[in-house]
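Structure assessment
Each chain, letter by letter, is given below.
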Amino acid sequence: MATITTEGFEPQGGSRVWRTAVEVLSSMRFAIALLTVICIASVIGTVLKQHEPAVNYTNQFGPFWAEVFLAIKLNAVYSAWWFLVILAFLVVSTSLCIARNTPKILSDLKNYKENIREQSLKAFHHKAEAQLPGSPEAEAQRIGQLLAGGGWKVKLQARESTQRGAKGWMVAAKAGGANRIGYIAAHGAIVMVCLGGLLDGDLIVRAQTWFGGKSVYSGSGLVSEVKPEHRLSERNPTFRGNLMVAEGSQSSTAILSQSDGVLLQELPFAVELKKFIVEYYSTGMPKLFASEIVIHDKETGETKEARVEVNHPASYKGVQIYQSSFDDGGSRVKLKAVPIKASSQPFEIEGQIGGSSEITNGSEKLTLEYTGLRVINVENLTNEQPTGVDVRKVDLRQALNDRLGAADKTTTSRELRNVGPSISYKLRDAAGQAREFNNYMLPVDTGDGVPVFLLGVRDTPAEPFRYLRLPADEDSSMQGFLGMRAALLDPAQRERAVRRYVMKAVEPGRAELAEQLAVSAGRALGLFAGVEMVKGQQKGGLQAIADFIEDAVPESERENAAGVLLRILNGTLLELNSLSRETRGKPPLEENEANGRFMTQAVLALSDINFYPAPVALELTDFTHVQASVFQVARAPGKTVVYLGCLLLILGVFAMLYVRERRLWVWLASEGTGAHATMALSFNRKTLDADRELSELREKLLASS
């Protein structure tokens, strides 16, 4: 049989360097090495998130490794120049391997090797001999017919015997030639898949930027204002980009993301989004999202209605339209400012998702960027409502961790629940630094038995949101808490609350005790409000109480002092809440478990609010939701080539693994009145069935009639 070697083809002519280069390039070892590198690169491209913002890699891996990844394009492996070069070399190398071995394989398939010497048959491992009653010619005809009936290809040859000098007959047969065709199919499949990858990759797009006068656009602004040198023609043979269309609008320009910007791809049609449909699982994950669209042909004006779902694309003029995701299409929102700092003032503002507004905080100017609106938020929350935590037993570190942690942070059993709409926005200062905020529209019961408004904040996109929890009053609004906050910041109200607390706590006639309690209560309330100095700083909240105790009380007495001071603080805050309710025409809170939980949460929120990094929080009061669908549009001529390559690869691997190539020779020489038969059987690989097949053939072909 012909042997498939791993050595390369070395041309006879040309320089030594040229011959060596061709030999290395056409060797199977070189092709396997390239395939190994491609597999490693593919693993990296699968493990490492692709096409993420550069800051995400910096936050995850650090500035050094992020710079290395970006330099060698590990953030975009499949479109990296070196990956495309390796693919191209693999195509050339595998093609040369096929060209070198195919003639040998085809020649071997046509050759029955009937000229093999009779003595060579006795050297085979699988052989047999027998005496047959018929003449050599008759037995050769009989054996040939039996083999042909069993699916073998047979050739008979009459020739002189080298030993006996008489005329003999050679029966040469072969089966399983598809095994060799499998080699050609499998290696041809690799070439086709790589060619398809090159056709559908960024190679043609990059070629237009290198030689076609096109350049990547790295600015911002409206799509209609982008210059022609950043736009690709409708006749572009291959591309893959994203197209976002809002409900009731249409678009005909796709965006092709590049490592250093974007290119705009003009489409031969415009896509109009009539309706976007989305359904959710109980977990909040989308179960179905589909788009009802109208395709408008630019050339003929023809319209075509279609429905696009995940895994059910639409096709028009060779361009596939896939449902990729969905986004906000420019929803209108109404926001109300919730004062956080003493100097901030309430106001109302309207905007559009994707837009921005200018706001001021005294002399400071901030840019408000509306980044997102989510009408459905499913969180892991609990229905269990444990009793409120006594503020006298609050562990400060644990309290801050719990109250400023995740929105659904709880140690009890959890369940999934839709907690309503939320608004995301950024506040950017004059230096360009921005923080991102995420506020829920409706109060949420997180398991403490008190519905709270969740106000989230994070400094970078790589961080999770930390949530401030403001308790909702009996009217499901923030006004109860905000009134209490305003009263806490008012010196007159604090003084009135202290007097009322002392009058209730001290019996009449004990003026000295009342005066001491008033001083302690005033100091505790001032520390909590952040107007008293502790260690040279004005901190406020429970942290200020803790620092005061640590600074002014001996260590052995701190636990008792903390309990007393927190009881005093709890009582004065309760009176402060009553005063704030009176100003709004509401009666004081009744003493019951539900109101106790409200006060507990209010105390914690008043403490945590000192850590909120913005002067105001923006509450979502109303919105007009506009959906947008994100399509992936692709013209992929290499797709058919890749599919055909995959089919060939399956057939080739199946042929090489499950089809055994076998060759059989039977030499028939005259001996007495009959014929002496010598049979040999060869396989392209050894299997456990070889001996069994030899036995069956011997029984079938050489058994005496």
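Residues numbered from 1 in each chain as written. Predicted model: local features only at pLDDT ≥ 70, side-chain atom pairs only at ≥ 80, totals over all residues. Heavy atoms only, no water.

Side note on the overall build of the protein chain
Stated precisely, the cut-off is as follows: Helix and strand labels come from DSSP, where a helix needs a run of H or I of at least four residues and a strand needs a run of E of at least two; each type is numbered from the N terminus. Here the globule rule reads 2.2 Å times residues to the power 0.38, and the radius of gyration is calculated from C-alpha atoms. Residue exposure (1.4 Å probe, protein chains only): buried if accessible area is under 20% of the type maximum, exposed if over 50%, otherwise partly exposed. In this description, contact between two residues means that some pair of their heavy atoms is separated by no more than 4.5 Å. The accessible surface values rely on the Shrake-Rupley method and a 1.4 Å probe; as for residues, cover is taken only from the protein chains in view.
Looking only at helices and strands, the protein chain features 18 helices and 26 strands. Since a compact globule built from 705 residues should have a radius of gyration of about 27 Å, the 41 Å found for the protein chain marks it as more spread out than a globular shape. Residues counted as buried form 45% of the 705 residues belonging to the protein chain. Nonlocal contacts in the protein chain, meaning residues at least 24 apart in sequence, comprise 65% of its contacts between residues at least 6 apart. Entry remark: accessible area of the protein chain is about 35800 Å², with carbon and sulfur atoms responsible for 55%.

What to know about the environment of Val 216
Tracing the chain through its elements places Val 216 in the loop between α9 (203-211) and β4 (231-232). Under the relative-accessibility criterion, Val 216 is labelled partly exposed at 23%. When the C-alpha atoms of Val 216 and Arg 206 are compared, they prove to be 9.7 Å apart, with 10 residues separating the residues in sequence.

Structural notes on empty space enclosed by the protein
Quick note on the threshold: Put plainly, a pocket is an open set of points on a 1 Å grid over the protein atoms alone with protein on both sides within 12 Å along at least five of seven lines, a cavity is a set where a 1.4 Å probe fits but cannot get out, and a lining residue has an atom within 4 Å of a point. Grid points are joined across faces, edges and corners, and a volume is the space filled by probe spheres set on the points. Amino acid classes used here: Ala, Val, Leu, Ile, Met, Phe, Trp, Tyr, Cys and Pro are nonpolar; Asp, Glu, Lys and Arg are charged; the rest, including Gly, are polar.
The tally for this structure, following the rule as stated, stands at two cavities of 30 Å³ or more. Put simply, the second largest cavity is a space of about 30 Å³. For the second largest cavity, the full set of lining residues is His 51, Ala 76, Ser 79, Asp 202, Arg 206, Ser 257, Gln 258 and Ser 259. Of the residues contributing to the lining of the second largest cavity, the split by class is one nonpolar, five polar and two charged.

Examining a nonpolar patch on the surface
Formally: Patch definition: residues with relative accessible area over 30% and no salt bridge; like charges joined within 9 Å; nonpolar side chains (Val, Leu, Ile, Met, Phe, Trp, Tyr) joined within 5 Å. One side-chain nitrogen of Lys or Arg within 4 Å of one carboxyl oxygen of Asp or Glu is enough to make a salt bridge.
Taken together, the side chains of Leu 649, Val 653, Phe 654, Leu 657 and Tyr 658 make up a nonpolar region of the molecular surface, amounting to roughly 510 Å² of accessible area. In this structure Leu 649 comes out as partly exposed when scored by relative accessible area, which is 35%.

Overview of the sheet that holds strand β25 (residues 662-671)
Applicable threshold: Any two strands with at least two DSSP-identified bridges between them are counted as paired. Note on geometry: axes are lines fitted to C-alpha atoms, helical ones only across the stretch in contact, with angles between N-to-C directions running from 0 to 180 degrees.
Taken in spatial order, the five strands make up an open sheet running β1-β26-β25-β3-β2, and their pairing is antiparallel. Pairing within the sheet leaves two strands with one partner each, and these edge strands are β1 (126-132) and β2 (153-160). This sheet shows a mean twist of 15° between the axes of neighbouring strands, independent of strand direction. Relative to β25, strand β3 (residues 167-175) runs antiparallel, the two sharing eight bridges. Residue pairing in the sheet places Trp 169 in a bridge with Leu 668 of β25. Across the sheet, helix α18 (residues 690-701) touches β1, β25 and β26 (674-683), and the angle it forms with β26 is around 155°.

A short note on the environment of Cys 646
Locating Cys 646 in the fold gives a position in helix α17 (residues 638-658). Remark: the alpha-carbon pair of Cys 646 and His 126, spanning 520 residues in sequence, is separated by 37 Å.

Structural notes on the side chain of Asp 445
Put simply, the rule reads: Pairing of N or O atoms within 3.5 Å defines a polar contact, subject to two protein rules: one partner must be a possible hydrogen donor and the other a possible acceptor, and residues neighboring in sequence count only if both atoms are side-chain atoms.
Structurally, the position occupied by Asp 445 is in strand β20 (residues 444-445). Of the polar contacts made by the side chain of Asp 445, one reaches the backbone nitrogen of Gly 449; its length is 3.3 Å.

Thoughts on the confidence of the model for the protein chain
Selection criterion: What pLDDT conveys is the predictor's confidence in a given residue, as a value from 0 to 100.
The predicted model of the protein chain averages 84 in pLDDT, with 91% of residues at 70 or higher. Every residue in residues 383-401 scores below 50 in pLDDT, and together they form 36 contacts with partners more than four places removed in sequence or on other chains.

A few points about the sheet that holds strand β13 (residues 348-352)
If you walk across this open sheet you meet the three strands as β13-β12-β23, and the pairing is antiparallel. Strands at the two margins of the open sheet, each flanked by one partner only, are β13 and β23 (616-624). Each adjacent strand pair in this sheet contributes to an overall mean axis angle of 30°, direction not counted. Of the pairings in the sheet, the one linking strand β12 (residues 332-339) to β23 comprises eight bridges and is antiparallel in character. Its bridge partner lying in β23, Leu 335 is registered against Leu 620.

Examining the pattern of salt bridges
For the coordinates displayed, the defined rule picks out 30 salt bridges. Across the pair Glu 474 and Arg 581 runs a salt bridge, and its minimum N-O distance is 2.9 Å. Here the residue Glu 474 occupies a position in the loop between β22 (466-471) and α11 (479-488), and Arg 581 occupies one in helix α15 (residues 558-583), the gap between them amounting to 107 residues. Under the relative-accessibility criterion, Arg 581 is labelled buried at 6%. Taking the shortest distance from any N to any O, the salt bridge between Lys 539 and Asp 547 comes out at 2.6 Å.

Some details on the nonpolar core
Defined as follows: Here, nonpolar core means buried Ala, Val, Leu, Ile, Met, Phe, Trp, Tyr and Cys residues that are tied together by side-chain atoms lying within 4.5 Å of each other.
Core analysis: the largest hydrophobic core is formed by 70 residues, its most contacted members being Leu 335, Leu 573 and Tyr 612. With eight residues, the top contributor of residues to this core is helix α13 (residues 511-529). With near-sequence residues (within four places) excluded, Leu 335 lies in contact with Phe 347, Glu 348, Ile 349, Leu 368, Tyr 370, Ile 423, Leu 618, Glu 619, Leu 620 and Thr 621. If you look at the next biggest cluster of nonpolar residues, it comprises 24 residues, including Val 271, Phe 289, Val 308 and Ala 314.

Notes on the packing of α13 against helix α14 (residues 541-552)
To keep it simple, the criterion reads: Roughly parallel means an angle under 35 degrees; roughly antiparallel, over 145; roughly perpendicular, 65 to 115; everything else is oblique.
Contact geometry for α13 and α14: axes closest at 7 Å, N-to-C directions at 125°. Relative to α14, the element α13 is oriented oblique. Contacts between α13 and α14 involve Arg 523, Ala 524, Leu 527 and Phe 528 from the first element and Gly 541, Leu 542, Ala 544, Ile 545 and Phe 548 from the second. When its residues are assigned to classes, the contact of α13 with α14 shows seven nonpolar, one polar and one charged.

So, α11
Extensive coverage of α11 is indicated by the burial of eight of its 10 residues. Here the buried face of α11 lies against β12, β22, α12 (491-505), α13, α15 and α16 (593-608).

Describing the side chain of His 676
Mapped onto the elements of the fold, His 676 is located in strand β26. Among the polar contacts made by the side chain of His 676, one reaches the side chain of Glu 129 at a distance of 2.8 Å.

Digging into the pairing of β22
Among the six residues that make up β22, five are buried, leaving the element largely enclosed by the rest of the structure. As paired elements, strand β21 (residues 451-458) and β22 share six bridges and run antiparallel to each other. Note that in β22 the partner of Val 457 across the bridge is Arg 466.

A word on the packing of α11 against α16
How we decide: The handedness criterion is simple: a crossing whose near helix is rotated anticlockwise from the far helix by less than a right angle is left-handed, and one whose near helix is rotated clockwise is right-handed.
Contact geometry of α11 with α16 gives a least axis separation of 11 Å together with a crossing angle of 55°. Considered as vectors, α11 and α16 are oriented oblique to each other. For the crossing formed where α11 meets α16, the hand is right-handed. Seen from α11, the contacting residues are Phe 481, Met 484, Arg 485 and Leu 488; seen from α16, they are Met 599, Ala 602, Ala 605 and Leu 606. In terms of residue class, the contact of α11 with α16 is built from seven nonpolar, no polar and one charged.

What about the packing of aromatic side chains?
Counted only if it meets this: We call Phe, Tyr and Trp rings a pair once their centres come within 6.5 Å, taking the six-membered ring for Trp, and we label the pair stacked below 30 degrees between planes, edge-to-face above 60, and tilted otherwise.
Under the counting rule described, the total for this entry stands at 15 aromatic pairs. Here Phe 61 and Phe 69 contribute two aromatic rings whose centre-to-centre distance is 5.1 Å and whose plane-to-plane angle is 80°, an arrangement assigned as edge-to-face. A ring pair is formed by Phe 654 and Tyr 658, whose centres lie 5.0 Å apart and whose planes are at 40°; its orientation type is tilted. In this pair, Phe 654 and Tyr 658 both sit in helix α17, four residues apart, roughly one turn of the helix. Taken together, the aromatic side chains of Phe 61, Phe 64, Trp 65 and Phe 69 make up a single cluster linked through ring pairs.

Considering unusual backbone geometry
With glycine set apart, most residues show a phi of negative sign, and most peptide bonds adopt trans. The backbone of Asn 311 shows a phi angle near 70°, a positive value even though the residue is not glycine. Take Asn 311: it is sitting in the loop between β9 (303-309) and β10 (314-316). One non-glycine residue, Ser 476, lies in the positive phi region at around 55°. Assignment of secondary structure puts Ser 476 in the loop between β22 and α11.

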